[in-house]
Amino acid sequence: MNHLPVLPVLVPIVTGALLLLLERRHRTSVLRTWAWIGMLALLAVNVALLVQVQREDMLVYLLGDWPARLGITLVADRLSALMVLTTTLLAIPCLLYACAGWDKRALHFHALFQMQLAGLNGAFLTGDLFNLFVFFEVMLIASYGLLLSGARGARIKAGMHYVVFNIAASVVFLLALGLLYGMLGTLNMTEMAARIAIAPPERTMLIHAAAGLLLLVFCAKAALLPLYLWLPEAYARAPAAVAALFTVMTKVGLYAILRVYTLMFGEAAGPLANIAWDWLLPAGAATVVLAALGVIGAPRLRIGVAYLVLLSAGTLFVAFSLGNAGAISAGLYYLAHSVFVSAALFLLADIIQRHRGSNGDYLLPIASMPNKTLPATLFLIAAVSIAGLPPLSGFIGKLQLLNSVPEAQMGWIWTVILGSSLMTIIGLSRSGTRLFWRVDPAPETTPGPPLRRTEIAATVLLLGYGVAMTLFAGPVLRYTDATAAQLLDVDTYIQVLRDTAPLIREPAR
């Protein structure tokens, strides 16, 4: 148990390295076996981590027992445990879907898949801002390989835009880190929080500028308006299992904003307190409106699903920007829901695309698909959930969010959230009607291959997560309530780290 916080990073790194060694001499079946062994081990570790943080609230791990200001500090609290478990639960059906056959066509797929999990988990667990950058890069480099492996045509173009955009964001990230280190002398987030609170006035403007650059980077990763242009095409062109896994990547940027700007720039930050939320709230609302319009106007189902990912990110910006415990709790519940349902829609879009033959997932009236009952039923469940209709988890998440809106802001925020839900219903109704109902009486189409049970099982599993979140909404919301309260209790967070790692100390005034 003493080493539990490092295992969510260590297990996929070791698994990925092993798979890289095995892939030249062994068949795909051997790679799949070891990939699943690693995945089940990771699931067991993350469940144990969640249980442990509920008992102890927070676990601190100094990698190599180096002092916190010199080495890698990992911090597992309720929020990070929730995020790593959500990522693992998402990765299981994504791997299952890829094992239906796509993994044979992608170079180093299984190794890259595990490395991306290592980067994601490390980003959620790190307590150091520089190591957040390192884990971001591990995650992104693996995603470049997954997106571009076996690519051609439009996917290469979309993938190159994705790569260039993220490299530019990484350069800005480094500039922000350099400025902050120069002003504060540390990049451990706990120490930075203490030093920002007592920063002399002559340094406040530079720290503010660095915080603005950092916020720009995180908003770019989370695809906030107007930094979203890379997302729809890249996600729509990615292989289905990869696109499904990518649904959690925008949430890494949101997690980073929530963590950094509550811990380092929260109420105790003096003149730099709450510098992000005032403008993130209207920007998030604008993102919601834009994404809802994108869902309505999407020419392809996968483009529409990509805009649904963008819409969920905008909704989470609104929830987190409100800054109260109820809104943050509702946002965390909605985050897990949106990741699972969006991923299910990406997998379902791929199934429909192949099943419709040469017409793909274009929203055109064509001949009725053979055996369309099961895909249509799964699409209906996913559409009801993602649109926020009762009784599924999307409705619960949005209802909790609306109930947490302060009275002074209730009018326009309710209008944005409910209006975007209405537009989402219209867009998904249009998609479902054209895919499953209205058909061309004189079609010219080539029938696609039969449905694969493994792919259907992966999609059903993702939708099953949403159903489970509905049935067990009470325990999940109690956990997210406790998570939001812990996140906002910055003084206790800092004190626990100081008690665990005594070399973390407040500098002399």
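In this text the structure is predicted, and so the values were computed from the model without any measurement.

Draft legend 1. Inspection of the packing of helix 11 (residues 249–263) against helix 20 (residues 490–500) at higher detail. Packing of helix 11 against helix 20 brings their axes to within 10 Å, and their N-to-C directions diverge by 90 degrees. When the interaxial angle is binned, helix 11 and helix 20 end up roughly perpendicular. Taken together, the residues of helix 20 that come into contact with helix 11 (itself represented by Arg259, Thr262 and Leu263) are Val490, Tyr493 and Ile494. Its residues assigned to classes, the contact of helix 11 with helix 20 comprises 4 nonpolar, 1 polar and 1 charged.

Draft legend 2. View of helix 3 (residues 78–98). With 21 residues, helix 3 should cover 30 Å at 1.5 Å per step; its first-to-last C-alpha distance of 30 Å lies within 8% of that length. Among the 21 residues of helix 3, 19 are classified as buried, and the element is accordingly described as predominantly covered.

Draft legend 3. Local environment of the packing of aromatic side chains. Inspection of every chain in the model, using the stated rule, returns 18 aromatic pairs. Taking 6.0 Å as the distance between ring centres and 70 degrees as the angle between the ring planes, the aromatic pair formed by Trp230 and Tyr235 counts as edge-to-face. An aromatic cluster is present here, built from Tyr144, Tyr162, Phe165, Trp230, Tyr235, Phe246 and Phe346 joined pairwise through their rings.

Draft legend 4. Helix 11, seen in detail. With 15 residues, helix 11 extends 21 Å between its outermost C-alpha atoms, agreeing within 8% with the 21 Å of an ideal straight helix rising 1.5 Å per residue. Of all 15 residues making up helix 11, 15 are buried, and the element is well covered by its neighbours.

Draft legend 5. Just empty space enclosed by the protein, in detail. Under the defined criterion, the tally for this structure stands at 5 cavities of 30 Å³ or more. Taken as a whole, the largest cavity encloses approximately 60 Å³ of empty space. Lining of the largest cavity is provided by Met139, Leu140, Tyr162, Asn166, Lys221, Trp230, Tyr235, Met249 and Thr250. Counting only elements with at least two residues in the lining of the largest cavity, the list comes to helix 5 (129–148), helix 6 (154–184) and helix 11. In terms of residue class, the lining of the largest cavity is made up of 6 nonpolar, 2 polar and 1 charged.

Draft legend 6. Here's a closer look at the nonpolar core. Counting residues in each nonpolar core, the largest one holds 191 residues, and the members touching the most others are Leu129, Tyr162, Phe218, Tyr235, Tyr261, Met264 and Phe265. For this core, the leading source of residues is helix 14 (residues 325–355), giving 20 residues. Among all residues touching Leu129, those that are not within four sequence positions of it are Phe173, Leu177, Leu180, Leu187, Met189, Met192, Leu214, Val260 and Met264.

Definitions and limits used
Residues numbered from 1 in each chain as written. Predicted model: local features only at pLDDT ≥ 70, side-chain atom pairs only at ≥ 80, totals over all residues. Heavy atoms only, no water. Axes fitted to C-alpha atoms, helices over the stretch in contact; angles between N-to-C directions. Helix = DSSP H or I, 4+ residues; strand = E, 2+ residues; numbered from the N terminus. Parallel < 35°, antiparallel > 145°, perpendicular 65-115°, else oblique. Contact = heavy atoms within 4.5 Å. Nonpolar A, V, L, I, M, F, W, Y, C, P; charged D, E, K, R; others polar. Expected span 1.5 Å × (residues − 1). Buried < 20%, exposed > 50% of the residue type's maximum accessible area, 1.4 Å probe, protein only. Phe/Tyr/Trp six-rings, centres within 6.5 Å; stacked < 30°, edge-to-face > 60°. 1 Å grid on protein atoms, 1.4 Å probe; cavity = no way out; pocket = protein on both sides within 12 Å on 5 of 7 lines; lining within 4 Å. Points joined across faces, edges and corners; volume = space filled by probe spheres on them. Core = buried A, V, L, I, M, F, W, Y, C linked by side-chain atoms within 4.5 Å.

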